[in-house]
Amino acid sequence: MAPLLEPSTGFKFDNVKRNQMLADKGHLLPRATKTGTTIVGLVYKDGVILGADTRATSGPIVADKNCEKIHFLAPNMYCCGAGTAADTEFTTNIISSQLALHSLNTGREARVGAALTMLKQYLFRYQGHIGAYLVLGGYDVTGPHLYAIQAHGSTDKLPYMTLGSGSLAAMSVFESGWRAGLSRDEGVELVKDAIEAGIFNDLGSGSNVDVCVITEGNVEYLRGYSTPNQRVAKEQTYRFAPGTTEFIVPNTTAQRGEEEGTAMDVSA
Amino acid sequence: MDPIEFRLPHTLQRPQSTTYNEPVTHSAGPIVTGTSVIAFKYKDGIMMAADCLGSYGRMSMFLNERRLLTVGDSTLIGMSGDFSDYQHMRHTLENIMTQEYDMDDGQRMGPKSIYKCVSKIMYNRRSRLNPLWNTYVVAGIDKGEKVLGYVDYLGTTYETPTIATGFGQHLALPTLRKLVEGHEDEITEEEAVKIIDRCMRVLFYRDSRAISKIIRGKVTAQGVEITEPYTVETNWDVADSVDGYGP
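Residues numbered from 1 in each chain as written. Chains lettered and ligands numbered in written order. Predicted model: local features only at pLDDT ≥ 70, side-chain atom pairs only at ≥ 80, totals over all residues. Heavy atoms only, no water.

## Quick notes on the overall build of chain B
Rule in force here: The helix and strand labels rest on DSSP assignments: H or I over at least four residues marks a helix, E over at least two residues marks a strand, and numbering proceeds from the N terminus. Should any heavy atoms of two residues lie within 4.5 Å, those residues are considered in contact. What sets the accessible areas is the Shrake-Rupley method with a 1.4 Å probe; for residues, cover comes only from the shown protein chains.
Helices and strands together make up the secondary structure of chain B, namely five helices and 14 strands. Taking the intrachain contacts of chain B between residues at least 6 apart in sequence as the baseline, contacts between residues at least 24 apart amount to 62%. Surface summary for chain B: the accessible area is close to 14,100 Å², and the carbon and sulfur share equals 51%.

Here it is as structure tokens:
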């Protein structure tokens with residue numbers, strides 16, 4: 001019988017062992033840029049509203065003050081991402097292109113359930129090592145749908161959802177304010193309040209609020225819907241008023257004196 | 001000097017060395033615990049609330065515990081953390097109050113002094129590496145001034161108009177900060193009760209070590225009042241919209 005061969009496709013977990021060994025020896029592993037994050041989604045009367053903050057952190061540093069966390073998946077579907085920034089970005093890109101091909105193959109608008117299945121099967125294959133925590137929302141022929149996807153591949157289907165480090169702050173707003181049958185404006189306000197709770201109470205979230213409203217056949221991507229952290233105008237300026245520096249000789253032409261010193265030796 | 005070997009039948013037998021002195025060990029962790037306490041300043045004074053649960057790890061063991069305590073005649077203390085350490089603190093405070101009374105010097109310990117007292121006890125215990133595994137919220141009105149402070153098992157202290165412990169810091173504090181900070185003196189008692197119920201409801205929804213039976217305490221110029229336990233109303237209409245976990 002032939003021995004069990006190493007698979008030629010699929011994830012090789014060898015580096016996981018190596019990284020663990022290095023970490024045990026005391027080597028500092030590089031820190032991935034995380035999104036910190038507060039991301040939310042809610043289902044209202046006519047569709048789905050997604051919300052996200054815009055701060056990307058690398059450890060204690062703010063790497064990007066105004067990043068986009070609401071990713072395009074399909075014309076009728078968007079996905080908020082929390083966790084490792086590279087993972088959310090590339091995962092949504094990969095599934096977005098798969099969805100486009102799927103849509104062309106079937107001749108139909110992609111369904112949210114299709115994106116969900118693709119995402120969860122992809123993430124499960126990597127056993128949680130791809131740190132993507134997503135809030136997926138969209139409107140297809142079967143209506144509005146909202147899903148939460150964890151890095152290990154589990155999914156939840158709920159009418160309101162929060163994810164990321166600021167999720168508890170945002171969830172406390174939702175638990176007090178959500179009810180069935182919200183109007184568009186009420187929904188957007190609630191989403192904005194939830195994200196702002198994350199921005200002001202969670203250190204991993206900050207800057208602005210992005211909102212995305214998805215309804216039947218229409219998407220409103222409201223980048224920078226709320227900007228409660230604008231930089232204040234500088235109080236002082238580096239410009240000096242004319243006349244600040246005193247000078248003695250008002251004549252601007254330089255006085256040419258006799259050339260002194262020996263000329264430069266340029267022989268050979 | 002040769003170490004003395006102890007063989008106490010009722011204590012856990014830990015591996016003992018006969019050639020050197022083992023280090024002394026202290027509190028490893030809390031056993032029976034209380035979850036969040038929330039408190040904030042309002043027009044007439046300070047309002048505080050906590051649920052009535054004593055958890056034994058993941059088990060909801062004691063369903064009728066009191067985590068709000070009156071000390072003296074104008075101080076309200078809320079506790080979260082280990083119950084046995086809380087009982088010790090209660091005992092200690094009682095003794096201190098009795099001593100102060102016995103001094104018979106016309107002075108009574110007010111909330112400010114009690115807050116200082118609790119802070120010093122907690123920091124001292126942590127410095128001896130044997131903490132009282134609690135977080136306390138001390139509230140009161142001292143000579144007309146509202147006092148609301150936080151002390152934890154590290155001895156960290158701070159005074160702010162809104163305070164929460166444990167899970168309350170994540171789930172209740174954002175709401176408390178939004179609704180209270182900046183206009184504490186305009187919030188009426190009715191509004192304050194609504195805020196308390198709103199926060200305790202969210203905590204019951206999202207803290208797996210919380211129950212819906214709560215008590216509410218208030219300190220005003222008239223003194224301390226703690227309600228009887230009551231149940232916060234919950235709304236489970238969202239259940240109608242939940243169906244499976246995928247397409």
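More follows now that the structure is in view.
## With respect to the pairing of strand β4 (residues 61-64) of chain A
All names here are of chain A. Test applied: Two strands qualify as a pair provided that DSSP identifies no fewer than 2 bridges between them.
When strand β3 (residues 56-58) meets β4, the two strands line up antiparallel, connected through three bridges. Residue pairing across strands places threonine 57 opposite valine 62, the latter belonging to β4. From the end of β3 to the start of β4, which pair antiparallel, there are two residues, and glycine 59 there has a positive phi angle of about 70°.

## Looking at the environment of B:Glu145
Residues and elements named next belong to chain B. Put simply, the rule is: For the exposure calls, accessible area comes from a 1.4 Å probe over protein chains only, and a residue counts as buried if that area is under 20% of its type's maximum, exposed if over 50%, partly exposed in between.
You can see glutamate 145 is positioned in strand β9 (residues 145-151). The exposure class assigned to glutamate 145 is partly exposed, which follows from its relative accessible area of 44%. Sequence separation between glutamate 145 and arginine 90 is 55 residues, and the spatial gap between their C-alpha atoms is 24 Å.

## As for the interface of chain B and chain A
One frequently used descriptor of interface size is the decrease in accessible area upon assembly of the parts. The cut-off we apply is this: Accessible area that two parts lose when put together, with a 1.4 Å probe and added across both, is what the buried area reports. Counted as salt bridges are all cases of a side-chain nitrogen of Lys or Arg within 4 Å of a carboxyl oxygen of Asp or Glu. Under this definition, polar contacts are N or O atom pairs within 3.5 Å; protein pairs additionally need one hydrogen-donor-capable and one acceptor-capable atom, and for neighbouring residues in sequence, both atoms have to be side-chain atoms. Residue classes follow a fixed rule: Ala, Val, Leu, Ile, Met, Phe, Trp, Tyr, Cys and Pro count as nonpolar, while Asp, Glu, Lys and Arg count as charged, and any other residue, Gly among them, counts as polar.
Counting residues at the interface gives 19 residues for chain B, matched by 21 residues for chain A. Carbon and sulfur atoms supply 60% of the area buried between chain B and chain A, which totals about 1,600 Å² over both sides. Run the count over chain B and chain A and you get two salt bridges. Across the pair A:Asp193 and B:Lys178 runs a salt bridge, and its minimum N-O distance is 3.5 Å. There are six residue pairs in polar contact (both at pLDDT 80 or more) connecting chain B and chain A. Of all the elements in the fold, those that place two or more residues in the side of chain B that touches chain A are α3 (167-171), α4 (173-180) and α5 (189-206) of chain B. Of the residues belonging to the side of chain B that touches chain A, the class tally is nine nonpolar, five polar and five charged.

## Concerning the confidence of the model for chain B
Here is the rule we go by: Within a predicted model, pLDDT stands for the predictor's per-residue confidence, ranging from 0 to 100.
In this model, chain B carries a mean pLDDT of 92, and residues with pLDDT of at least 70 account for 89%. Scoring of the predicted complex yields 0.84 for pTM and 0.84 for ipTM.

## Here we look at the nonpolar core
Defined as follows: What we call a nonpolar core is a set of buried Ala, Val, Leu, Ile, Met, Phe, Trp, Tyr and Cys residues that are connected through their side-chain atoms within 4.5 Å.
Counting 23 residues, the largest nonpolar core has A:Leu42, A:Ile49, A:Phe174 and A:Val191 as its most contacted members. Looking at this core, the elements that each hand over two or more residues are β1 (39-44), α4 (167-177), α5 (184-201) and β11 (209-215) of chain A. Per-element accounting of this core gives the leading share, seven residues, to α5(A). Leaving out residues up to four positions away in the same chain, A:Leu42 has contacts with A:Gly47, A:Val48, A:Ile49, A:Leu146, A:Pro159, A:Tyr160, A:Phe174, A:Trp178, A:Leu182, A:Gly187, A:Leu190 and A:Val191. If you look at the next biggest cluster of nonpolar residues, it comprises 22 residues, including B:Phe40, B:Val193, B:Met200 and B:Leu203.

## Quick word on the side chain of B:Thr220
Position of B:Thr220 among the secondary structure elements: in strand β12 (residues 213-220). Apart from the residues within four sequence positions on either side, B:Thr220 is in contact with B:Tyr42, B:Asp44 and B:Ile141.

## Side note on the packing of helix α2 (residues 85-106) of chain A against helix α3 (residues 112-125) of chain A
Residues and elements named next belong to chain A. So the rule is basically this: Every axis in this analysis is a line fitted to C-alpha atoms, fitted for helices over the stretch in contact. Angles between the N-to-C directions lie between 0 and 180 degrees. Roughly parallel means an angle under 35 degrees; roughly antiparallel means over 145; roughly perpendicular covers 65 to 115; every other angle is labelled oblique. Each crossing gets its handedness from the near helix: less than a right angle anticlockwise from the far helix is left-handed, clockwise is right-handed.
α3 packs onto α2 with a crossing angle of 135° between their chain directions and a minimal axis gap of 10 Å. Regarding the angle of α2 to α3, the classification is oblique. In this structure, α2 crosses over α3, and the sense of that crossing is right-handed. Residue-level inspection shows Thr91, Ile94, Ile95, Gln98, Leu99 and His102 of α2 in contact with α3, the latter providing Ala114, Ala115, Met118, Leu119, Tyr122 and Leu123. Considered class by class, the residues forming the contact of α2 with α3 number nine nonpolar, three polar and no charged.

## Details of the packing of helix α1 (residues 83-103) of chain B against helix α2 (residues 111-127) of chain B
Residue and element names in this part refer to chain B. Packing of α1 against α2 brings their axes to within 12 Å, and their N-to-C directions diverge by 130°. One way to sum up the angle between α1 and α2 is to call them oblique. Of the two possible hands of crossing, α1 and α2 adopt the one that is right-handed. Together, His88, Met89, Thr92, Leu93, Ile96 and Met97 of α1 and Ile114, Cys117, Val118, Ile121, Met122 and Arg125 of α2 make up the contact between the two elements. For the contact of α1 with α2, the residue count by class is nine nonpolar, two polar and one charged.

## Topic: the side chain of A:Thr162
Residues and elements named next belong to chain A. Here threonine 162 lies in strand β10 (residues 160-163). A polar contact is formed between the side chain of threonine 162 and the backbone oxygen of serine 167, at a distance of 3.0 Å. Those residues within four positions of threonine 162 in sequence are excluded, and the remaining contacts are Ile39, Val40, Ser167, Ala170, Met171 and Phe174.

## Points about the sheet that holds strand β9 (residues 155-157) of chain A
All names here are of chain A. The antiparallel open sheet is built from five strands, whose spatial order is β5-β6-β7-β8-β9. Each end of this open sheet is capped by a strand with a single partner; those strands are β5 (70-74) and β9. For this sheet, the mean angle separating the axes of adjacent strands, direction not counted, is 25°. Bridge analysis of β5 against strand β6 (residues 77-83) gives four bridges, and the strand direction is antiparallel. Residue pairing across strands places isoleucine 70 opposite cysteine 80, the latter belonging to β6. Taken strand by strand, α2 contacts β5, β6 and β7 (132-140), and its axis lies near 15° from that of β5.

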